[in-house]
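These are the residues of each chain, in order.
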Amino acid sequence: MKNFDLIIIGAGAAGCIAAYFGAKKGFKVCLIDGKPRNKIGDKICGDGIGGQIFDFLKIPHPKKGEYLNVIDGAKLYPPDTRNSITIKDRSQAGYIIDRLAFGQRLVEDAVKVGAILYDQTHALSLIHSKGQISGVSIKSKTVDGDKLHANLVIDASGFHTQFRKQVDIPFLTKKIASTDYIVCYREILRLKNPIVVDQRYISIYMDNIRAPGGYIWNFPRNEYEVNLGFGITDKFKHHLLDYYKKYLYEPFIGNEPCTKITGGSGLVSVCKPLFTGVGNGILFAGDAAMQVNPITGGGLISSMQAGYYAVKAFEKANEVEIYDALGLWEYNLLCQKSIGAEFAALDLLRLAFQKWPNDFLNFTLENKLFTGDEISDITGTGEISLPFSSIIGKLIRGISKPRILLDLYYLRNQMQVIKSLYMRYPTIPAYLAQWVRQVETVYDNVRNRFK
Ligand SMILES: Cc1cc2nc3c(=O)[nH]c(=O)nc-3n(C[C@H](O)[C@H](O)[C@H](O)COP(=O)(O)OP(=O)(O)OC[C@H]3O[C@@H](n4cnc5c(N)ncnc54)[C@H](O)[C@@H]3O)c2cc1C
């Protein structure tokens, strides 16, 4: 029987960072992944990552080869694409990564500090004993035995996790609603002639007709290559490839000679994270905990942050050797006051934007109801902060569509309410029910307004 302090299911961004910090702290860590080692990190993705997470975790920034392009900021386009807003600040700057090379670096870093990697190893089910998760059953091509045991199992197995369904934790979402994720498709294309867009900027196109419920992205990888993709709500998924051809390939590439390097689809949650990410002997991190920015669909940074918080919480639980939900509660406090507060606020914005007609989006961006800095603040903090001087300007520019201003004002208030609720996340599991009711009331109000 193999015994560990931590078993981590999934060597993605969340799992590798948890394994790295866990092993660095001296814990006996087992990291398992169904993929062969040399394929870990290979994932369908937009490949954009902000640089700040590396400073936050105090780990090296990606080096050349792990990244393909350095990004200074984003250009945000309204549906009519006539003008764009440039968003440029430290929080927007980052990299377009080579997804496989970056993933390989994360897993190598974890192994170098002592994490034990079992690749080609599938976690099949959680082992329950005396009301606690005590390990996982596995099927492996690389390791003998079919069971692994640990004080804590971290589920970092991504969007398609099967493990939330295997536990009984109050207020844990077992199955994500079809309105709470988007279906994405992207291709990586190599053009014969240099691409015309400014390579230092990623481009984002908001459009509720061409990308209903999501957005279109065009991320330059280098002078000749782009990552071109989009996300749409589940109910449009049957149109995925048609839309791609009509609304992305034809307008962006047209008759330019070009080769497809790779293409594929994936799902990403665009809602608030799980109400709780811990149970007795188990913790959920990254996509498995729905920790993805609901506006941008970016989940790499938050997954890495959550992997780090998971180890911090485990350290605390380990001091008293209590690995139940209460012992691990620190994880909820760390996550909900940072990732949770920001993403729940942005989720409210998403619920409104998904219902906004294209002309509202055109009007808001064209009349500069928000500056690039303000949008950067909103997507980076989940807060619409409106100084008095800026409100006057917005009133003047937005006077012909008062409904938009009223919507924005309403949203700003609701986003503040939800953020403050998340900052007052319950200190113990017993208070969770009351808190969830308060959160759901805010959601009901916003849903009712933006029906
Ligand atoms: C099309 C698309 C574009 C995106 N673009 C961006 C972007 O540009 N920037 C950004 O920040 N985010 C982006 N995201 C989101 C981002 O990719 C995810 O949020 C992030 O990768 C989540 O990391 P994770 O570690 O939680 O899960 P994952 O990266 O999904 O890792 C899960 C790992 O678990 C393994 N696994 C799964 N089940 C088992 C099992 N039973 N046993 C063993 N191993 C298992 C898998 O093999 C995998 O290696 C995008 C997502 C999609 C779908």
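Before reading further, recall that the structure is shown in the block above.
Residues numbered from 1 in each chain as written. Predicted model: local features only at pLDDT ≥ 70, side-chain atom pairs only at ≥ 80, totals over all residues.

1. Regarding the overall build of the chain
Rule in force here: To qualify as a helix, a DSSP run of H or I must reach at least 4 residues; to qualify as a strand, a run of E must reach at least 2; elements of each kind are numbered from the N terminus. Each radius of gyration is computed over the set of C-alpha atoms, and the globule rule expresses the reference value as 2.2 Å times the number of residues to the power 0.38. Partly exposed residues are those whose C-beta has more than 12 but fewer than 20 other C-beta atoms within 10 Å; 20 or more makes a residue buried and 12 or fewer makes it exposed, with C-beta atoms placed from the backbone.
Scanning the chain from N- to C-terminus turns up 11 helices and 18 strands. Taken over C-alpha atoms, the radius of gyration comes to 22 Å for the chain, in line with the 22 Å a tight globule of 451 residues would show. Taking the principal axes of the C-alpha coordinates as reference, the chain spans close to 70 × 55 × 40 Å. Looking at the chain residue by residue over its 451 residues, the buried ones come to 48%.

2. So, the nonpolar core
Our working rule: Connectivity within a nonpolar core runs through C-beta atoms within 7 Å, and the core itself is a set of buried Ala, Val, Leu, Ile, Met, Phe, Trp, Tyr and Cys residues. A pair of residues counts as a contact when their C-beta atoms, built from backbone coordinates, are separated by no more than 7 Å.
Core analysis: the largest hydrophobic core is formed by 132 residues, its most contacted members being Ile 7, Ala 18, Ile 154, Ala 285 and Ala 310. If you tally residues by element for this core, the top one is helix H6 (residues 329-355), at 14 residues. For Ile 7, the contacting residues outside a window of four places in its chain are Cys 30, Ile 32, Gly 135, Val 136, Leu 148, Ala 150 and Val 153.

3. What to know about the pairing of strand E12 (residues 181-191)
In the case of a regular strand, side chains alternate between the two sheet surfaces. Short version of the rule: Two strands make a pair as long as DSSP finds a minimum of two bridges between them.
The buried fraction of E12 amounts to 8 of the 11 residues, a majority that puts the element mostly inside the structure. Note that E12 and strand E16 (residues 258-269) share 11 bridges and pair antiparallel. Residue pairing across strands places Tyr 181 opposite Ser 269, the latter belonging to E16. Judged from the 9 bridges that link them, E12 and strand E15 (residues 225-233) form a sheet pairing that is antiparallel. Bridging across to E15, Leu 189 finds its partner in Val 226.

4. Considering the environment of Lys 175
Note that Lys 175 resides in the loop between strand E11 (147-155) and E12. For the pair Lys 175 and Gln 162, spaced 13 residues apart in the sequence, the C-alpha separation amounts to 9.3 Å.

5. Side note on the pairing of E15
Most of E15 is tucked away, with 8 of its 9 residues classed as buried. Sheet topology note: the strand E14 (residues 215-220)/E15 ladder contains 5 bridges and is antiparallel. Counted as the bridge partner of Asn 218 is Leu 228 from E15. Count of turn residues in the E14/E15 antiparallel hairpin: 4 residues.

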